[in-house]
Amino acid sequence: MRILYILLLAGAAVFYLLYSDNLSFVTLIMLMVFPAILFILLLITSIGISAEFEDEHIIAEKGRPFSMNVKVRNRTFLPISNVRIYVRYSNRFDGKIYKRIVNIPASSKSCETVSFNMNYAHCGVVDIEIKKVVIFDLIKLFRIPKRILKTAYATVLPEAVPVTAEVTSCADTDMDSDTFYSDRPGDDPSEVFDLREYYDGDNLNRVHWKLSSRNDELIIREFSKPYTSTILILPEISDCHSENEADAVLGIMNSIAVYLVEQGIELTVGRVLPQDGGAVFEKIQHSEDLLYFCCSILEDMRADSMTKLADNAASSENTMKIYSHIIYISPDCDIDSLSAIKNASSARLTYIQPVSDVKQKRNAFSEADEYIPVSLSDIGSGLVNINL
């Protein structure tokens, strides 16, 4: 359009030189003034333009496309031929920055929505931000950039491949536990879950007589239910040196956890808190619990600032002792980490190692009761007929 305008202006100038009359003069003046009018109108529209993400957080799956919607609002009475949106996004794990440009026209006094697809090949949290928008006049003679910092993020979940397993360790549910469910009562009198009024048929042995005498009504003590999960999964993100290794570690964890949840078997998964580097153990009973855990561990995942989970978990000896099977997942494990876990618990220890070549000969890990190498490119093949 710029070239066309220049040709028109040159043609008007030649027309005026050849035919010096009012028509040629007015035509030349109008073409000379036209850019100034366009620029003034563009300045007006730049004041009333804004852009923001429709959703501040979305959840996607690794390797599957997902859409980000951007709302462009034009509060002026003038239409805008083109609004160019500059988007930048990066994975928190490695911090690599990628850029995207999206174009959309904006009618007068309107709110337009433009969608662009993203397909992130690795799991993690992807921070997405609108750096700026640039608006153009009708013939794109001028452009005015406007800095707009709007952010959103997408949690890209790890894959969950089919798992075939024989579950044996969960049969042992008579182990003593000093942790209790916070959302369900049980029969353990060592911990009171709740107090409530008496109903017909309640066991009189559970009446809180002292409190009942104060309230002139019978008060029942509901006991707590000890947490009896015997499987603990420890995904070691700190040993991951690439996005592929992190994908494999979290993919193995997620696949095993999904299988256990579908079988109605409760489990526990450990992770490191970014605030103090301490280990925390999350109880997984339902798919919602697993989704929350995945989002939490992905939001805290960094390539250069992760604390060793094995060492922190091993220091929690009282917690580790309640499990009968510990599954440790790491692409680059050292003997000391396995020894620390083994010394902190008498549980059966399975070490799963994502590797580039499963056929390559490796040193035996005598500290682990079972060693399972799993291919980085095909974790499903290594999770067949495993013993949980």
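Everything that follows concerns the structure shown earlier in this document.
So, here's what we can say about the structure.

1. A closer look at the nonpolar core
A general trend in soluble globular proteins is that nonpolar side chains are found buried together.
Link 1 in the chain: The biggest cluster of nonpolar side chains holds 41 residues, and the ones touching the most others in it are Ile 233, Ile 256 and Leu 267.
Link 2 in the chain: For this core, the secondary structure elements donating two or more residues are strand E13 (231-235), helix H4 (243-262), strand E14 (267-272), helix H5 (287-299), strand E16 (325-329) and strand E18 (370-375).
Link 3 in the chain: Among the elements that make up this core, the one with the highest residue count is H4 (11 residues).
Link 4 in the chain: Core analysis: the second largest hydrophobic core is formed by 32 residues, Val 83, Val 126, Ile 130 and Ile 144 among them.

2. With respect to the pattern of salt bridges
Link 1 in the chain: Applying the stated criterion across every chain, the model contains 10 salt bridges.
Link 2 in the chain: A salt bridge links Arg 271 to Asp 300, with the shortest nitrogen-to-oxygen separation between them at 2.9 Å. With Arg 271 in strand E14 and Asp 300 in the loop between H5 and helix H6 (309-314), the pair connects residues that are 29 residues apart, well separated along the chain.
Link 3 in the chain: Each member of the salt-bridge network shares a partner with another, and the members are Arg 271, Glu 282 and Asp 300.

3. Description of the sheet that holds strand E6 (residues 110-118)
Sheet strands pair by backbone hydrogen bonding; their relative direction is either parallel or antiparallel.
Link 1 in the chain: An order of E1-E3-E6 is seen for the three strands of this open sheet, with the pairing classed as antiparallel. With one partner strand each, in any of the chains shown, strand E1 (49-53) and E6 form the two edges of the open sheet. The mean inter-strand angle of the sheet, taken between neighbouring strand axes irrespective of direction, is 25°.
Link 2 in the chain: When strand E3 (residues 66-74) meets E6, the two strands line up antiparallel, connected through nine bridges.

4. Description of H5
Link 1 in the chain: An ideal rise of 1.5 Å per residue puts 18 Å on 13 residues; H5 measures up with 18 Å between its terminal C-alpha atoms.
Link 2 in the chain: Along H5, the residues classified as buried are Leu 290, Phe 293, Cys 294, Cys 295, Ser 296, Ile 297 and Leu 298.

5. A look at the sheet that holds E14
Link 1 in the chain: The sheet built from six strands is open, its strands ordered E15-E14-E13-E16-E17-E18 with mixed pairing. Each having just a single partner strand, strand E15 (279-284) and E18 make up the two edges of the open sheet. The mean angle between the axes of side-by-side strands here comes to 20°, regardless of whether they run parallel or antiparallel.
Link 2 in the chain: Sheet strands touched by H4: E13, E14, E15, E16, strand E17 (348-355) and E18. Its angle to E13, the strand with the most contacts, is close to 160°.
Link 3 in the chain: This element, helix H8 (residues 335-344), spans E13, E16 and E17 of the sheet and lies at about 155° to E17.

6. Notes on the packing of helix H1 (residues 2-18) against helix H2 (residues 22-47)
Link 1 in the chain: Remark: H1 packs on H2, axes separated minimally by 8 Å, with the N-to-C direction vectors making an angle of 150°. Put simply, H1 runs roughly antiparallel to H2. As H1 runs across H2, the sense of the crossing is left-handed. Across the interface between the two elements, Tyr 5, Leu 8, Leu 9, Ala 12, Ala 13, Phe 15 and Tyr 16 from H1 touch Ser 24, Phe 25, Thr 27, Leu 28, Leu 31, Met 32, Phe 34 and Pro 35 from H2.
Link 2 in the chain: Here the contact of H1 with H2 is built from residues that sort into 13 nonpolar, two polar and no charged.

Rules and cut-offs
- Residues numbered from 1 in each chain as written.
- Predicted model: local features only at pLDDT ≥ 70, side-chain atom pairs only at ≥ 80, totals over all residues.
- Heavy atoms only, no water.
- Core = buried A, V, L, I, M, F, W, Y, C linked by side-chain atoms within 4.5 Å.
- Buried < 20%, exposed > 50% of the residue type's maximum accessible area, 1.4 Å probe, protein only.
- Helix = DSSP H or I, 4+ residues; strand = E, 2+ residues; numbered from the N terminus.
- Salt bridge = Lys/Arg side-chain N within 4 Å of Asp/Glu carboxyl O.
- Pairing = 2+ DSSP bridges.
- Axes fitted to C-alpha atoms, helices over the stretch in contact; angles between N-to-C directions.
- Expected span 1.5 Å × (residues − 1).
- Contact = heavy atoms within 4.5 Å.
- Parallel < 35°, antiparallel > 145°, perpendicular 65-115°, else oblique.
- Left-handed = near helix turned anticlockwise from the far one by under 90°.
- Nonpolar A, V, L, I, M, F, W, Y, C, P; charged D, E, K, R; others polar.

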